[in-house]
Amino acid sequence: MIQCNILSSTLSVFNPAGAYGGPASGVNYDLWDVTTGINSLLGGTGLPATFADLGSGIACGSQLVFPTDMNTNIVIDVNAAALAAIASASVQGTSLFAMGGSPAPAGKVPEPETYAVMGLGLAGLAALRRR
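Residues numbered from 1 in each chain as written. Predicted model: local features only at pLDDT ≥ 70, side-chain atom pairs only at ≥ 80, totals over all residues. Heavy atoms only, no water.

Undergrad: Would you mind going over the overall build of the protein with me for this structure?
TA: Counting its secondary structure elements, the protein contains four helices and six strands. Moving toward the C terminus, one meets the helices and strands of the protein in the order β-β-α-α-β-β-α-β-α-β. Out of the 131 residues in the protein, the part that is buried amounts to 38%. When contacts within the protein are restricted to residue pairs at least 6 apart in sequence, those whose partners lie at least 24 apart make up 76%. As presented, the protein carries roughly 7,300 Å² of accessible surface, and 59% of it is formed by carbon and sulfur atoms. (Helix = DSSP H or I, 4+ residues; strand = E, 2+ residues; numbered from the N terminus. Buried < 20%, exposed > 50% of the residue type's maximum accessible area, 1.4 Å probe, protein only. Contact = heavy atoms within 4.5 Å. Areas by Shrake-Rupley, 256 points an atom, 1.4 Å probe, with all protein chains shown as cover.)

Undergrad: Any chance you could explain the side chain of Thr36 here in plain terms?
TA: Within the element layout of this structure, Thr36 appears in the loop between strand E2 (27–33) and helix H1 (38–43). Ignoring anything within four residues of it in the chain, the contact list for Thr36 reads Leu41, Thr50 and Asp53.

Undergrad: Explain the confidence of the model for the protein to me, please; I cannot follow it from the model alone.
TA: Detailed reading of predicted coordinates is not advised where the pLDDT is low. On average, the protein scores 73 in pLDDT, and the residues at 70 or more come to 69%. Across the protein, the secondary-structure element scoring lowest on mean pLDDT is strand E6 (residues 122–127), at 36, and the one scoring highest is strand E4 (residues 72–77), at 92. Scored below 50 in pLDDT, residues 112–131 shows 53 contacts in the model against residues more than four places distant or in partner chains. (pLDDT = per-residue confidence, 0-100.)

Undergrad: Just checking my understanding: could you explain unusual backbone geometry for this structure?
TA: Most of the time, phi is negative for any residue but glycine, and the peptide bond is trans. In this structure, Asn71 takes a positive phi of about 65° despite not being glycine. With respect to the helices and strands, the residue Asn71 is situated in the loop between strand E3 (59–65) and E4.

Undergrad: Teacher, can you tell me more about the nonpolar core here?
TA: Note that soluble globular proteins tend to have their nonpolar side chains buried in a common cluster. Ranked by internal contacts, the top residues of the largest apolar core, which has 19 residues, are Leu31, Cys60, Val65, Ile76, Phe97 and Met99. Secondary-structure elements contributing two or more residues to this core are strand E1 (10–15), E2, E3, E4, helix H3 (80–91) and strand E5 (96–105). If one sorts the elements of this core by residue count, H3 sits on top with five residues. In terms of nonpolar packing, the next biggest core, distinct from the first, is built from five residues, Val34, Leu41, Leu54 and Ala98 among them. (Core = buried A, V, L, I, M, F, W, Y, C linked by side-chain atoms within 4.5 Å.)

Undergrad: Looking at this structure, how should I read the pairing of E1?
TA: Remember that side chains alternate between the two faces of the sheet whenever the strand is regular. The alternating pattern of E1 places Leu11, Val13 and Asn15 on a buried face and Thr10, Ser12 and Phe14 on a face that is not buried. By the bridge criterion, six bridges tie E1 to E4 in an arrangement that is antiparallel. Each residue of the ladder has a partner; that of Thr10, found in E4, is Asp77. (Pairing = 2+ DSSP bridges.)

Now the structure itself:
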């Protein structure tokens, strides 16, 4: 259980060489909360519903990513809504909170199906503890 207020957090995601296939103007890499249970995420169960959940829900942060960002760590600031959700998860008895990520062309809002297809999996399981 988290014993104090979380004031800020970041998530660092490695962007491997050759992984970027977007436009030169960049893509937004969006973070979303994942409501699927941690055991299902770790165990690989739930399949389509879990996959769809990775790119939807509460927006947790976003970072514009460019072709020049390949082979680097992308650092994404976690927003206030995500910090509140993390604190809520702690009150419910666990310090685990899951986020999924999905890329979207900068300035364009993709169709919901795009999020499901582009939900590149679990961006991170963050066990955030601040003492």
